[in-house]
Amino acid sequence: MELEGKVAIVTGGGGGIGAAMARAALDAGAKVMVADLDGDRAGAAIAGVDAARAIAVGGDVSDEVVLRGMIERAEEELGPVAIFFANAGVGTGIGLGTEDEWELALDVNLIAHVRAARLLVPRWLERGGGYFVTTASAAGLLTQIGSAPYAVTKHAAVGFAEWLSVTYGERGIRVSCLCPMGVRTAMVEDGLASDDPAESLAARTVTAAGAVLEPEEVARETLAAIAAERFLVLPHPEVLEFYRRKGTDYDRWLAGMRRLQRQVDEAAGTS
Ligand SMILES: NC(=O)c1ccc[n+]([C@@H]2O[C@H](COP(=O)([O-])OP(=O)(O)OC[C@H]3O[C@@H](n4cnc5c(N)ncnc54)[C@H](O)[C@@H]3O)[C@@H](O)[C@H]2O)c1
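Only a predicted model underlies this, so the values are computations on that prediction, with no experimental measurement involved.

**Student:** What am I meant to see in the pattern of salt bridges here?
**Tutor:** When charged atoms on two side chains of opposite charge get close, those side chains can pair. Summed over all chains, the structure comprises 9 salt bridges. One salt bridge connects D107 with R115, and the closest N-O pair in it is separated by 3.7 Å. Judged by relative accessible area, D107 falls into the partly exposed class, the value being 27%. Here the salt bridges do not stand alone but share partners, grouping E75, R123 and R127 into one network.

**Student:** Please explain a negative patch on the surface as it appears in this structure.
**Tutor:** The grouping of E189, D190, D195, D196 and E199 at the surface amounts to a negative patch. Relative to the elements of secondary structure, D196 occurs in the loop between α7 (186-193) and α8 (197-208).

**Student:** Looking at this structure, how should I read the nonpolar core?
**Tutor:** Side chains of a nonpolar character, in soluble globular proteins, are inclined to be buried together. By size, the foremost hydrophobic cluster in this structure holds 49 residues, and its most contacted members are M33, L67, F84, F132 and L164. For this core, the leading source of residues is helix α4 (residues 99-127), giving 9 residues. Ignoring sequence-local partners within four residues, the contact set of L164 consists of A117, V121, F132, G169 and V175. Core analysis: the next-biggest nonpolar cluster, separate from the first, contains 32 residues, A25, A30, A42 and V133 among them.

**Student:** Help me out: how do you make sense of empty space enclosed by the protein in this one?
**Tutor:** Where empty space is left becomes clear once a probe the size of a water molecule has been rolled over the atoms. All chains considered together, the criterion is met by 1 cavity of 30 Å³ or more. Surrounding the largest cavity, T11, V61, F84, A86, N87, A88, V108, A112 and H113 form its lining. Taken together, the elements giving at least two residues each to the lining of the largest cavity come down to β4 (81-86) and α4. Per-element accounting of the lining of the largest cavity gives the leading share, 3 residues, to α4. Tallied by class, residues from the lining of the largest cavity come to 6 nonpolar, 3 polar and no charged.

Rules of the game
- Residues numbered from 1 in each chain as written.
- Predicted model: local features only at pLDDT ≥ 70, side-chain atom pairs only at ≥ 80, totals over all residues.
- Heavy atoms only, no water.
- Salt bridge = Lys/Arg side-chain N within 4 Å of Asp/Glu carboxyl O.
- Buried < 20%, exposed > 50% of the residue type's maximum accessible area, 1.4 Å probe, protein only.
- Patch = residues over 30% accessible without salt bridge, like charges linked within 9 Å, V, L, I, M, F, W, Y side chains within 5 Å.
- Areas by Shrake-Rupley, 256 points an atom, 1.4 Å probe, with all protein chains shown as cover.
- Lys, Arg positive; Asp, Glu negative; His and termini not counted.
- Charge placed at Lys NZ, Arg CZ, Asp CG, Glu CD.
- Helix = DSSP H or I, 4+ residues; strand = E, 2+ residues; numbered from the N terminus.
- Core = buried A, V, L, I, M, F, W, Y, C linked by side-chain atoms within 4.5 Å.
- Contact = heavy atoms within 4.5 Å.
- 1 Å grid on protein atoms, 1.4 Å probe; cavity = no way out; pocket = protein on both sides within 12 Å on 5 of 7 lines; lining within 4 Å.
- Points joined across faces, edges and corners; volume = space filled by probe spheres on them.
- Nonpolar A, V, L, I, M, F, W, Y, C, P; charged D, E, K, R; others polar.

This is the structure we're talking about:
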């Protein structure tokens with residue numbers, strides 16, 4: 001899909017990958033609503049851009065009423081929403097996670113996407129098309145050392161993106177699914193700086209797994225995938241190789257991941 005002249009909503013656009021995607025979409029000629037829990041950060045992400053081309057809004061994008069209001073406002077002020085970046089995410093939970101951590105991770109990393117699709121798909125079917133961009137994670141293809149709620153909800157986000165593509169692809173709805181490893185954003189930086197040893201170790205595991213990319217590089221890859229209407233967006237190309245190995249010999253892949261888990265446990269002194 002060409003972004004020139006289209007209207008996009010980017011959730012979690014107050015910083016990191018979302019802010020970079022919002023700026024890249026603006027550069028490509030789109031009009032953009034940036035939505036984030038933190039309205040001031042959403043505003044900062046589009047500072048200096050003409051209000052006719054960009055709106056910032058604060059609110060919880062996992063809340064259906066809030067989300068409906070955002071979509072309605074974007075359509076009134078910018079035009080029909082053609083592309084939705086379901087990017088807001090939470091890296092919550094260590095180990096098995098608590099009930100609250102699961103609830104938050106499920107709500108933001110998965111159900112927010114379902115709620116957005118429920119609101120947008122009928123409009124897109126009527127208009128003959130639309131584009132849903134999921135920010136999942138390499139953890140959604142390859143699991144994650146550390147947080148069960150994060151790994152599992154990211155798998156679910158990939159699954160939902162696949163389902164959308166399978167179900168509506170023939171009716172003009174396109175889907176891309178971004179699955180990066182480490183990206184230099186607050187999610188990783190806050191983890192590295194955390195006083196909680198488990199959290200900082202989880203962040204160090206991410207940064208040690210491969211290159212830590214800049215959000216702008218990830219946004220560029222995502223926009224290229226949208227232009228080509230390609231589903232899987234892998235800014236770290238080795239993820240494809242790991243994914244192939246997983247598909248070829250699941251047990252061998254699991255044994256390799258267990259070795260990595262053991263190294264992490266040894267580093268943490270918990271083995
Ligand atoms: N940074 C990485 O290494 C990495 C790797 C793989 C995937 N991801 C994914 O990328 C996405 C963006 O994360 P990031 O790395 O840019 O981190 P980030 O913390 O900089 O950005 C996440 C943004 O989402 C917002 N947000 C969280 N919950 C929200 C809610 N309910 N409603 C509205 N906004 C909400 C936060 O306020 C924040 O601005 C996430 O889905 C994350 O899981 C990040």
